[in-house]
Amino acid sequence: MTTSSSTRRRFLLGAVGALAAGGAAYVYWRGVRYPLLHFAGAGPATTAEAAGGVEVSARGAAVLEAGPDGMRFRAFTPEPAFTTRGRGEVRIVVENLHRDAALEATPAQAVTEDRFGLSRSLTLSATTETRFSWRFPEADRYRFAVIGDSGGGTELEWVLRRGGELGAAFLLHLGDIYYEAGDFERAAVNLNAAAIPTYGAIGNHDFHKGWRALYPRFNSVVGPSNSRFTLGGVEFVNFDTAADFIPAARGQRARILESLRPVGAGSAVRDRVAFTHAPLRDPDPARDHAVSRVSEARWLREKLLASGSRNLLVGHIHIKEEFDDQGLHTFISGQGLGHADLIGDRPYRSFAEILLGDVEPGEPVRYQWQPLDMPLEAHCNARNLGVFDVLQRPDVKARLLEECGRS
């Protein structure tokens, strides 16, 4: 009896050990995110089926809704492309397209288009196979704006407006749309009402709040956590640093970074714009506000440098700064809340800045800083009052209360 019990215990312990080892191997293979301990995602759905069995597949756009009355997609690249298979009439709305992007369809008569700001409403008379896409205007010569850490409210509204005023064709948002309840809903309104489209990196505040996952909402409002596109010979690579990847070389992020081709001579890509939320290193060691795992930051840096990437655009720290990170020139553009305009000790003037990138045929991207010039009314929200309490600036709080009370 004793021998039998001992044998059974050994068997059970062995089985449990095998299951644990198998589970650990699976987790290692899939990769997990910390905090939350969720598996690394594979990216958003890009294919949906309409009533009547017509299948619609997108490249560069994610499915937001699919039902009997039609489908809604959000573009996360400037030139998304779609293919439909099956026969029947389908209604599709595609958001986040440049206002002047030109529709191209095969067969041309199968698609009709109505424009509403950054959205297009399409009616498809689907044949066996219909293809349609958009061509970005002046893809060889354009400007883009770069900033992060704006929240989803009036500051984001201003950032988008300011980018358009400065001639940007689109905005690269570097994360942290969400700071408080309602920010995703406000962001959805502001992004769709803007004059320019937005392609965004996910921030740590967008990813989670404590142990509550927020990233599915970010993915539906802004776009996927990892993505890439090429426009006019310049490749844009958005990769996720919102939470730790364990191990670093897993998930969609790793697949994108490991597939990067060399930049430069003989390549279709003459320059690369890599953008994410957190810097790989904080230029102020005392602050240490960067990717938390040194080994993960090292792996990311090595992948970018090995592919010939020269620049990295980040937010996370609410400053404007440039520095060299072991050969990777890093721009920190994290002043989307515009607080630097309010806490200067001199008379009110612009301190916050927004980064611009200029693309010209055959040239690497040229970068420049411009004043954000955020008006005082963009700061008129209750959250800022608490911020200036934390910053111990009662003078700024009093001025804000006075000025916002007038408006």
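Within every chain, residues take consecutive numbers counted from 1 along the sequence as written. The predicted origin of the model limits local features to residues at a pLDDT of at least 70 and limits the giving and counting of side-chain atom pairs to 80 or more, whereas totals for whole chains, interfaces and linings rest on all residues. Based on all heavy atoms of the structure, the side-chain values leave hydrogens and waters out of the count.

1. Focus on the environment of Y34
We count it as follows: Comment: elements are numbered from the N terminus, with helices defined as DSSP H or I runs of at least four residues and strands as E runs of at least two. Only protein chains enter the accessibility calculation, which uses a 1.4 Å probe; a residue is then buried when its area is under 20% of its type maximum, exposed when over 50%, and partly exposed in between. Between two residues, a contact is recorded if the distance between any of their heavy atoms is within 4.5 Å.
Within the element layout of this structure, Y34 appears in strand β1 (residues 32-34). Look at Y34 and you get partly exposed, because its relative accessible area is 40%. Spatially, the C-alpha atoms of Y34 and D244 are 5.0 Å apart, while their sequence positions differ by 210 residues. Among residues more than four places away in sequence, those in contact with Y34 are W211, A243, D244 and I246.

2. What about the pattern of salt bridges?
Inclusion rule: What makes a salt bridge here is a side-chain nitrogen of Lys or Arg within 4 Å of a carboxyl oxygen of Asp or Glu, nothing more.
One pass over the full model with this rule turns up 31 salt bridges. A salt bridge links E113 to R120; the shortest N-O distance between them is 2.6 Å. On the accessibility criterion, E113 (24% relative accessible area) is partly exposed. For R383, the salt bridge is made with E155, and the minimal N-O distance between the two is 3.1 Å. Of this pair, R383 sits in helix α9 (residues 382-390) while E155 sits in helix α2 (residues 154-165), placing them 228 residues apart in sequence. On the basis of relative accessible area, R383 is assigned to the buried category, the value being 16%.

3. Some points on unusual backbone geometry
A cis amide bond, omega 0°, links Y34 with the succeeding residue P35. Secondary-structure assignment places P35 in the loop between β1 and β2 (38-39). For the bond running from I246 to P247, omega is -10°, close enough to zero to count as cis. Among the secondary structure elements, P247 is positioned in the loop between β20 (244-246) and α6 (251-258). With a phi angle near 70°, N96 is a residue other than glycine that sits in the positive phi range. Following the sequence through the fold, N96 ends up in the loop between β8 (88-95) and β9 (102-106). N96 sits in the buried class, given a relative accessible area of 1%. For D149, which is not glycine, the phi torsion reads 65° and is therefore positive. Counting through the fold element by element, D149 comes out in the loop between β13 (142-147) and α2. Exposure remark for D149: the relative accessible area of 0% places this residue in the buried category.

4. Considerations on the packing of aromatic side chains
Going by this rule: Paired rings are identified among Phe, Tyr and Trp, the last through its six-membered ring, by centres lying within 6.5 Å, and are further divided according to the angle between planes into stacked (under 30 degrees), edge-to-face (over 60) and tilted (the rest).
With the rule as written, the count across this model stands at 20 aromatic pairs. For the ring pair F132 and W134, a centre distance of 5.9 Å and an interplane angle of 85° mean the geometry is edge-to-face. For F132, a relative accessible area of 2% puts it in the buried group. The buried category is assigned to W134, whose relative accessible area is 2%. When the ring of F144 is compared with that of F170, the centres are 5.7 Å apart and the planes differ by 5°; the resulting orientation is stacked. In this pair, F144 is assigned in strand β13 and F170 in strand β14 (residues 170-173), connecting sequence segments 26 residues apart.

5. A look at the state of the cysteines
Keep this limit in mind: Note that a disulfide, as used here, is simply two cysteine sulfur atoms within 2.5 Å.
Inspection of the entire model under this criterion finds one disulfide. A sulfur-sulfur separation of 1.9 Å characterises the disulfide bridge that pairs C380 with C404. Its S-S torsion of about -85° marks the bond between C380 and C404 as left-handed, since a negative value means left-handed. Of this pair, C380 sits in the loop between β26 (366-371) and α9 while C404 sits in helix α10 (residues 394-406); the two residues are 24 residues apart in sequence, bridging distant segments of the chain.

6. Thoughts on the sheet that holds β2
Rules: Paired strands, as defined in this entry, are two strands with at least two bridges between them according to DSSP.
Taking strand neighbours across the sheet as the criterion, the three strands line up as β2-β1-β20 in an open arrangement whose pairing is antiparallel. Where the open sheet ends on each side, the last strands, each with one partner, are β2 and β20. As judged from the three bridges shared by β1 and β20, these two strands associate in the antiparallel manner. Among the inter-strand pairings, R33 is bridged to a residue of β20, identified as F245.

7. Digging into the sheet that holds strand β7 (residues 81-85)
Here is the rule we go by: Only the stretch in contact is used when fitting a helix axis, every axis being a line fitted to C-alpha atoms; angles between N-to-C directions are given from 0 to 180 degrees.
Read from one edge of the open sheet, five strands run β3-β4-β7-β12-β9, paired in antiparallel fashion. In this open sheet, the two strands that pair with only one neighbour each are β3 (47-49) and β9. The sheet shows a mean angle of 15° between the axes of neighbouring strands, taken without regard to direction.

8. Some remarks on the nonpolar core
What counts here: Throughout this description, the term nonpolar core refers to a set of buried Ala, Val, Leu, Ile, Met, Phe, Trp, Tyr and Cys residues connected via side-chain atoms within 4.5 Å.
Of all hydrophobic cores here, the largest spans 32 residues; its most connected members are L160, L171, I177, F184 and L372. Within the residue set of this core, elements represented by two or more residues are β13, α2, α3 (183-193), α5 (215-221) and β25 (353-359). Ranked by residues supplied to this core, first place goes to α2 with four residues. Excluding its chain neighbours within four sequence positions, the residues that come into contact with L160 are L171, N190, L191, A194, I196 and T198.

9. Some words on the packing of α2 against α3
As a reminder, the rule being used: Working rule for angles: under 35 degrees goes down as roughly parallel, over 145 as roughly antiparallel, 65 to 115 as roughly perpendicular, anything else as oblique. Two helices that cross are described as forming a left-handed crossing if the nearer one is turned anticlockwise from the farther one by less than a right angle, and a right-handed crossing if clockwise. Three classes are used, and their members are as follows: Ala, Val, Leu, Ile, Met, Phe, Trp, Tyr, Cys and Pro are nonpolar, Asp, Glu, Lys and Arg are charged, and the others, Gly among them, are polar.
Contact pair α2 / α3: the axes reach a minimum separation of 9 Å and the direction vectors enclose 20°. One element, α2, and the other, α3, form an angle in the roughly parallel class. As α2 runs across α3, the sense of the crossing is right-handed. Between α2 and α3, the contacting residues are L156, E157 and L160 on the first element and A187, N190 and L191 on the second. Looking at the contact of α2 with α3 residue by residue, the classes come out as four nonpolar, one polar and one charged.

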